Amino acid sequence: MKQLLLTTVLLLVLTSCSGRKQIEKAISHGNYDRAINDALQKLDTNKDKKRKQDYVVMLKEAYYKALEQDLQDIKHFKKDGNPEQFKTIYTIYTNLEARKNAIKRVLPLQINGKNLNLKFDDYTSKIVEYRYKTSDYLIDQGITLLDSQNKYDAREAYDIFSYIETINPNFEETRSLLNEAHNRGTDYVLVSIENQTYQIIPQQLEADLLDFDTYGLNQFWTVYHANPISEVTYDHAMQLQLQRINISPEQVNQIQELKQKNVVDGWEYETDANGNVLTDSLGNKTKIDKIANVKARYFEVNQFKSTQIIAQVVYTDLRTNQRLDTFSIDSEFIFEHWYATIRGDLRALDGREYDLTRNRPMPFPTDAEMVYDTGEDLKMKLKDIINRYRIKRG
């Protein structure tokens, strides 16, 4: 028990030394906020214990060094007078406030029996002042980008308006500007199907392939339309070109085998060579299984039909009429059904063969049904291409 207690105490001492060294290292390298956070963690419990005194001292040192550094930076940026620094100044003030509040949560603290008195200023008015200066400066930047009629500029403007919305909700109608930036930065893609197969494809298949509501697409800056909208200027076209449809003939393949097996077919009394019935040690007549050799003529039938659709997806820039990318798609659907019939004794079959005798022939699907079912696989592959592809812009 003593040994366990000694080991525990030693571990606590080593951990404490390691924690102090880590904080000292952070302070010496100028990582003051890291040192403050580590010290606050150590002081989260048992903060009045003597062994925690070093953490209070290091917290004080790191706090004043961080405060001095931040105030110097603010003084420098303000003197520079560049409005580009408004956001940086605002961020420093919010960090000052957050640091102050984090330390206040563990107060009161003591050093050598005396309360630790740290200098805390109220940064609320400065945060408000530079929140508005930052918002005012950035919103002009965003509007300038938005007026350029360039989609990437509109996306950059969207990021600016999003930041303003987080620090100053709906400042000068940023929500309306966010919607405008999103609309202007969005690529609109017109989708169509071109049947190059010289075969009729089911109307329902074409409707399903163009039903983009069922694709679950999640691209913030790209919208696909199968039906053009008059007020939308489309940037790109995506065409699904059906190049070839291969449909195999209906195939019925049959194999036949003679099946035979020794099976238990009832029982009989056991006899000796003279035909006398044998008995066990209690005088009871002994029984043995009767074994019969059963046979059956087994006919196994396989129905098979397959469909293959070969297609490609072509992305085109409608502004330049240049092809951007091409993706090949090869989709297949197989109809296959097994059943069996027999002449003879069912007991000659194994489990699988017996199960097949319970199946019945099935009507082959029509060519149109096969093409439609292949289209389901085609749709999944098309969805994968759309989800992975990102529009390339010059």
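The preceding data block contains the structure.
Values in this document were obtained by computation on a predicted structure and should not be read as measured data. (Residues numbered from 1 in each chain as written. Predicted model: local features only at pLDDT ≥ 70, side-chain atom pairs only at ≥ 80, totals over all residues. Heavy atoms only, no water.)

> How would you sum up the pairing of strand S8 (residues 322-344)? Please name residues and give values.
Bridge count for strand S7 (residues 287-317) against S8 is 22 bridges, and the pairing is antiparallel. Across the sheet, residue Gln 303 finds its bridge partner in S8, namely His 337. Linking S7 to S8, which pair antiparallel, is a turn of four residues; within it Asn 321 sits at a positive phi near 60 degrees. (Pairing = 2+ DSSP bridges. Helix = DSSP H or I, 4+ residues; strand = E, 2+ residues; numbered from the N terminus.)

> Lay out the packing of aromatic side chains with the relevant residues and their values.
By the definition in use, this model includes 15 aromatic pairs. Note on Tyr 93 and Tyr 123: the rings are 6.2 Å apart at their centroids and 40 degrees apart in plane angle, and the pair reads as tilted. A residue pair is termed long-range when its members are at least 10 positions apart, and Tyr 93 in helix H4 (residues 86-104) and Tyr 123 in the loop between strand S2 (114-115) and helix H5 (124-146) qualify at 30 residues. For the pair formed by Tyr 93 and Tyr 123, the shared burial category is buried. Through a chain of ring-to-ring contacts, three or more aromatic side chains come together here, namely Phe 86, Tyr 93, Tyr 123, Tyr 130 and Tyr 137. (Phe/Tyr/Trp six-rings, centres within 6.5 Å; stacked < 30°, edge-to-face > 60°. Buried < 20%, exposed > 50% of the residue type's maximum accessible area, 1.4 Å probe, protein only.)

> Lay out the side chain of Asp 325 in plain terms, naming residues and giving numbers.
Following the sequence through the fold, Asp 325 ends up in strand S8. By relative accessible area, which is 17% here, Asp 325 ends up buried. Polar side-chain contacts of Asp 325 include one of 2.8 Å to the side chain of Tyr 389. (Polar contact = N/O pair within 3.5 Å; in protein donor to acceptor, adjacent residues only side chain to side chain.)

> Break down helix H3 (residues 53-80) for me, citing the residues and quoting the values.
Taking 1.5 Å as the rise per residue, H3 with 28 residues should run 40 Å; its terminal C-alpha atoms sit 41 Å apart, in good agreement. Once H3 finishes, Gly 81 follows within two positions and takes phi at roughly 75 degrees, a positive value. (Expected span 1.5 Å × (residues − 1).)

> Hey, could you go over unusual backbone geometry for me, with residue numbers and the actual values?
Trans is the prevailing form of peptide bonds, just as negative phi is the prevailing case for residues other than glycine. For the bond running from Leu 107 to Pro 108, omega is 0 degrees, close enough to zero to count as cis. Assignment of secondary structure puts Pro 108 in the loop between H4 and strand S1 (110-111). Of note in this structure, Asn 46 is not a glycine but carries a positive phi near 50 degrees. Checked against the element boundaries, Asn 46 lands in the loop between helix H2 (32-42) and H3. Of note in this structure, Glu 172 is not a glycine but carries a positive phi near 45 degrees. Note that Glu 172 resides in the loop between helix H6 (151-167) and helix H7 (174-185).

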